[in-house]
Amino acid sequence: MDALEVSEMFCVHKQVAHGQWVDQCCFKTEFDAYVSAMTKSTETMGTYRVYDSTFKEVTMAFEMGMEIDVGGKETAA
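The rules we used
- In this numbering scheme, every chain counts its residues from 1 along its sequence in written order.
- Selection of residues for local features in this predicted model requires a pLDDT of at least 70, selection of side-chain atom pairs for listing and counting requires 80 or more, and totals for whole chains, interfaces and linings are taken over all residues.
- As a rule here, side-chain values cover all heavy atoms of the structure and leave hydrogens and water aside.
- Each residue's exposure class comes from its accessible area (1.4 Å probe, protein chains only) as a fraction of the maximum for that residue type: buried when under 20%, exposed when over 50%, partly exposed otherwise.
- Numbering goes from the N terminus for both helices and strands, where a helix is a DSSP run of H or I of at least four residues and a strand is a run of E of at least two.
- Pairing between two strands requires that DSSP report at least two bridges joining them.
- The aromatic pairing rule takes the rings of Phe, Tyr and Trp, using the six-membered ring of Trp, and pairs them if the centres are within 6.5 Å, calling planes under 30 degrees apart stacked, those over 60 edge-to-face and the rest tilted.
- To get an axis, a line is fitted to the C-alpha atoms, and for a helix only the part in contact is used. The angle between two axes follows their N-to-C directions and goes from 0 to 180 degrees.
- In what follows, a contact means two residues having at least one pair of non-hydrogen atoms within 4.5 Å.
- The disulfide criterion used throughout: a pair of cysteine sulfur atoms within 2.5 Å.

**Q** Give me the pairing of strand β4 (residues 57-63): which residues, what numbers.
**A** For a regular strand, side chains alternate in direction, first toward one face of the sheet and then toward the other. Judged by how many residues are buried, β4 sits mostly within the fold: five of seven residues are covered. Pairing between strand β3 (residues 47-52) and β4: six bridges, direction antiparallel. If you follow arginine 49 over to β4, its bridge partner there is alanine 61. Where β4 hands over to strand β5 (residues 66-68), the hairpin turn is made up of two residues, of which methionine 64 adopts a positive phi near 50°.

Okay, here's the thing in structure tokens:
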């Protein structure tokens, strides 16, 4: 596996406090990350987001199992 393959990941982050996110897991496809984030959010009623490490941006977010607006090209802090 070369460096390009490793960097192309979609990671699920959990919000632990306002503006503070913790890595949960990463996937090779955005679809797998989407399903994971949505499922975790539904089960825990928490806030999760999907972060695209290639473009260094948040692609989607979920709060209490519902998809929420990420406000465009939001970068991860």
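**Q** Break down the packing of aromatic side chains for me, with residues and values.
**A** Tallying each qualifying case throughout the model produces one aromatic pair. Centre to centre, the rings of tyrosine 34 and phenylalanine 62 are 5.2 Å apart; their planes meet at 70°, and the pair counts as edge-to-face. Remark: phenylalanine 62 occurs in strand β4 and tyrosine 34 occurs in helix α2 (residues 30-44); sequence separation between them is 28 residues. Residue tyrosine 34 is classed as partly exposed on the basis of its relative accessible area, which comes to 26%.

**Q** Break down the sheet that holds strand β1 (residues 10-17) for me, with residues and values.
**A** Strand pairing in a sheet relies on backbone hydrogen bonds, with the paired strands running either antiparallel or parallel. A sheet is described by the order of its strands in space; here five strands give the open sequence β2-β1-β3-β4-β5, paired in antiparallel fashion. The open sheet terminates on both sides in strands that have one partner only, identified here as β2 (20-27) and β5. Sheet twist, expressed as the mean angle between neighbouring strand axes with direction ignored, is 30°. Where α2 meets the sheet, its contacts fall on β1, β2, β3, β4 and β5, and the angle it forms with β4 comes to roughly 30°.

**Q** Can you break down the environment of tyrosine 34 residue by residue, with the values?
**A** For the pair tyrosine 34 and alanine 61, spaced 27 residues apart in sequence, the C-alpha to C-alpha distance is 8.7 Å. Residues in contact with tyrosine 34, not counting those within four places in the same chain, are Val50, Met60, Phe62 and Glu67.

**Q** So what's going on with the state of the cysteines? Residues and values would help.
**A** By the definition in use, this model includes one disulfide. Put simply, cysteine 11 and cysteine 26 are joined by a disulfide, and their sulfur atoms are 2.0 Å apart. When the S-S torsion is 100°, as for the bridge of cysteine 11 with cysteine 26, the disulfide is right-handed. Of this pair, cysteine 11 sits in strand β1 while cysteine 26 is found in strand β2, placing the two residues 15 residues apart along the sequence. With a relative accessible area of 10%, cysteine 11 lands in the buried category. We classify cysteine 26 as partly exposed; its relative accessible area is 37%. In this structure cysteine 25 is a free cysteine whose sulfur lies 6.9 Å from that of cysteine 26, the closest cysteine sulfur available. For cysteine 25, a relative accessible area of 22% translates into the label partly exposed.

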